[in-house]
Structure formats: C-alpha cells, structure tokens
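Structural overview for review
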Amino acid sequence: SPPPVVEIDGRSYSTDTWFNTPTNVLAAASRRLHLQEDHPIAITRQIIESRFPSAEFRSVNSLHPVVTTFQNFDSLGFPPDHPGRARSDTYYVNKDTLLRTHTSAHELETFRANASPGFLLSADVYRRDEVDRTHYPVFHQMEGARVWDRRTQADEKGDLTATILRDLAALPEHGVAVEDPNPPFHDGTNPRQVPQHAASEVEAMGRHLKRSLELMVVEVFSRAKKAKQLAVAAVGTEAETVAADEPLRMRWVEAFFPFTSPSWELEVLYEGDWLEVLGCGITKQPILDAAGVPSQMAWAFGIGLDRIAMLLFKITDIRLFWSTDERFLSQFRGVSADLDKLRLFVPFSKYPACYKDVSFWLDGGDGVAGTVHNNDVMEVIRSVAGDTVEDVQLTDTFTHPKTGRQSLCYRINYRSLEKTLTNAVTNRLHSDVKDMLVRRLGVEIR
Ligand code: PHE
C-alpha cells in the first residue's frame, strides 16, 4: 500500500488510492535537467529560446511539477472521459493531484499573470509509457505563447489584423522550403473560433505563428547540421558528407488539441522520415476569458526537448540524459555559455546486451481471468531494474486452447550505460522483476 505522505521536490502531499508514482519517478522530480548548465536538455532549451526575442517572450522555467487535475486537464477543455486522464497513462499523487503530463498545464495561470506579449515556459513532464531507447517516464517540454490585446492594439473597428501583420512583417525570412497545403482554417475539420476571431485575424495569427516556429526549427536543425558536418569533416566518408548536406524540408499538417483551434503540427524531414517536432494552434478563447484577459488573443505551441536534444547531439539512448557519468557530462562543458561550441556526442563503448524473457499467466492461477496494462508491466520492470533496463518488448501473447488461460511473454534487454553486467547481477535483477510482477500485478510466472 502507498505511503500516506510523499515528498516531491521539497513539498509534501497526502496520497490516496489513486497514488501510482514509483520512487524512481518521484526522485527525478528534483533533477531539473532543463536548468542544469551545460546539460544537453538545457542547451537545447537555450537554442530554442535564442530564436525568440527576449523582450517579447518572458522565460518561466522553475514551476513545480505537481499540478491539479484542473490545471492539467479541465482548464484546457479536456473532456471528462479523455484517455490522458487514465491512471494507466498518468502519474497521480491522489485523485485531484498529479505530475503534469505537459507544460500546457500552466497556460491558464501564465495568461492570468499577464503574459503579454509572450512567454516561453520549460519544465519536466511525466507520462507512463513504453520502456525503450526513446521513452523515459520523465521528459521535458517547452510551451510558448504570443498574445495581442484588443484593448490596446486593435484598430478603430476593434480588429487586430493590421497589428499582427505589422508584427509578421518584422520577422526575418528563412529561405527554407515549407509545404503547407491546407487553407489557414477549415470550418469543418480545423475551425476558427466564431464569433470571437475574424477570418483575417486568424489568418494573420496563423502566419505569424508558423513563421516564428519555422525560424526556430531552422535554427535548431542548422545547428544540428553544423555539428554533423564538423564530425564528418573530422573522420567521415564522402557518402556521409553528402548526407550531412541534405537540405532542410518542413511541412505543416492539421492537428487537434482540446485547447487550440485551428491546430497544426510541424514536421521535419530527418534522415528520410517525416518527424513531428511540435504541436501548436490558436488558443481557445475560453482559456483567456477564464484567465481574466478576454480582450487578448493568442497562439501557443508545445515542443518536446528530449527528442530534439537526441538528434542535435546524436544521443541514441534517452537514459543518458539522467546519467551523472563524467564521460557523458564532460562532453558538453562550456556549451551553455557559447552555443557555437556544440559538438556531436561521442558514444562511449557499448556494454553487452543481455536479453531475458519472462512469461506469465494473467489469471494468477486462481482461474479468474485477469488483465494487466502494458504500462504497468513496463513500470514494474523499470522500478526494479532502474536505468539498467534498455528496452522491453511484448514478444508473444498466448491463449491456451483447452483451458482458455492467457499468457504474455516479454523480452527484457538489460544493458547498463556504465558497466558490463555480470550474469549474477542480471539473474538477480530478473528474478526480482519476476517476484515484483507477481506481487504487484497478481500474475503467475510460467
Ligand atoms: N501540450 C501539447 C502536447 O503535449 C502540445 C501543444 C501545446 C499543442 C500548445 C498546442 C499548443 O502534445
């Protein structure tokens, strides 16, 4: 049963039956990698911030990770039955309190604190998910917003179009090809907010939003390209030199978020695949109304910092961000103070992988059909094996033809970033994982 009170980043909270946050996740809540000088996550934040004028965008970077369900969901218009609210997806402290799943949880309070004309807000965020080299229960996002105010900036008819277009004209060009096949909004699938926003205002804000974010993405990917070219120039083949020279391509696709309309995602062509880099849109007016600034309108975006940092530095295992190993940290020294010092990460030797399978019956041997959520299995394994588990795959599901009993088989890759694991150590970890699966999920090991 859960401890009655838990401490998270210096504050105490009472738990209830909703509590589902493991100790390793609670501990990560005070790490603040996005503020740790010379850490790749902090460097990535700085590179993104550098593309937004600091006079226009105030930085908000030290908000506590525990928020209410109102902040994380209700204030943003998430419906009561939204899957993001499920205990299988989100870390709860108690029924009304959770570890934020996105930085949008702070939009309402930041608009209320007078965000005008804009803000950039970076923070650690928490989600229950798979175990593999691109997922970690804690990662980082940056939220950004830019507002205009009808009371002070509108023309005689109360319209903001001319002001927004003037601000758009002040933004630089980037000269990179962008595909944007959709109209500025669609009354059916990606509507503007009627009656609050005039068509010309939405069109102007959409253009300002898209240009601002394209400029930021061009900055990030030019820095990634430069780092890659420097590395290739040092040791590379001719083929790699050509690949490093591939021109940047971006495209806009329509999206849906409960708190923006219209909404879009920006994708970048990266090593042959279209990669989603951010979500954005025109802020829903009820959020600004609730924040006490009904005369304002805004665009907002959210971007994940960890995935961007992984491709900027060519870091292929997300666990490395949490490492305190000097062989990792020393490679980024001095970059926070001079972003031009950015270089690709040079991986240190990979220790051997050790694959072990675990199969279990879901009914736990009592004949009562059971179910377990994939994320629960992932979390039990991560809480026992910590950062020595690299990857977990569901490899088989089986239903016994006679008894109808169901079983699952997972393959776990134990591989430390820091040392070779001995057989004795992995066997021990694996046997602890099995015991914990039985205790926590009530399954029966086959
Ligand atoms: N919060 C969204 C996410 O985590 C991203 C987003 C932020 C989208 C702001 C629109 C506006 O996916």
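Going by the structure above, here's the rest.
Residues numbered from 1 in each chain as written. Predicted model: local features only at pLDDT ≥ 70, side-chain atom pairs only at ≥ 80, totals over all residues. Heavy atoms only, no water.

Focus: the environment of G302
Following the sequence through the fold, G302 ends up in strand β13 (residues 296–304). The sequence separation of G302 and T69 amounts to 233 residues, and the corresponding C-alpha distance is 19 Å. With residues near it in sequence (within four places) discarded, G302 still touches M142, E143, L278 and G279. (Helix = DSSP H or I, 4+ residues; strand = E, 2+ residues; numbered from the N terminus. Contact = heavy atoms within 4.5 Å.)

What to know about the packing of aromatic side chains
Given two aromatic rings, one states the distance between the centres and the angle between the planes to describe the pair. Taken as a whole and assessed by the stated rule, the structure comprises 18 aromatic pairs. Taken together, a centroid distance of 6.0 Å and an interplanar angle of 15° make the contact between F360 and Y410 stacked. Separated by 50 residues along the polypeptide, F360 in strand β14 (residues 354–361) and Y410 in strand β16 (residues 406–414) bring together distant segments of the chain. For the pair formed by F360 and Y410, the shared burial category is buried. Grouping aromatic residues by their ring pairs yields a cluster made of F313, F328, F332, F345 and F348. Above the ring of W252, the side-chain terminus of K210 is found at 5.7 Å from the ring centroid. (Phe/Tyr/Trp six-rings, centres within 6.5 Å; stacked < 30°, edge-to-face > 60°. Buried < 20%, exposed > 50% of the residue type's maximum accessible area, 1.4 Å probe, protein only. Lys NZ or Arg CZ within 6 Å of the ring centre and 35° of its normal.)

Brief notes about the pattern of salt bridges
Oppositely charged side chains can form a pair if their charged atoms are brought close together. Under the criterion given, the structure shown has 28 salt bridges. Of the charged contacts in the structure, one is a salt bridge between R128 and D376, with a shortest N-O distance of 2.6 Å. Taken as a pair, R128 in the loop between β7 (118–126) and β8 (138–149) and D376 in helix α12 (residues 374–385) lie far apart in primary sequence, 248 residues in all. Judged by its relative accessible area of 7%, R128 is buried. Take D376: its relative accessible area is 23%, and that puts it in the partly exposed class. Across the salt bridge formed by R327 and D325, the nearest N and O atoms sit 2.6 Å from each other. The exposure class assigned to R327 is partly exposed, which follows from its relative accessible area of 32%. (Salt bridge = Lys/Arg side-chain N within 4 Å of Asp/Glu carboxyl O.)

What about the environment of F301?
Structurally, F301 is set in strand β13. Once residues within four sequence positions are removed from consideration, F301 is found in contact with F52, L120, M142, E143, G144, L213, M216, G279 and C280.

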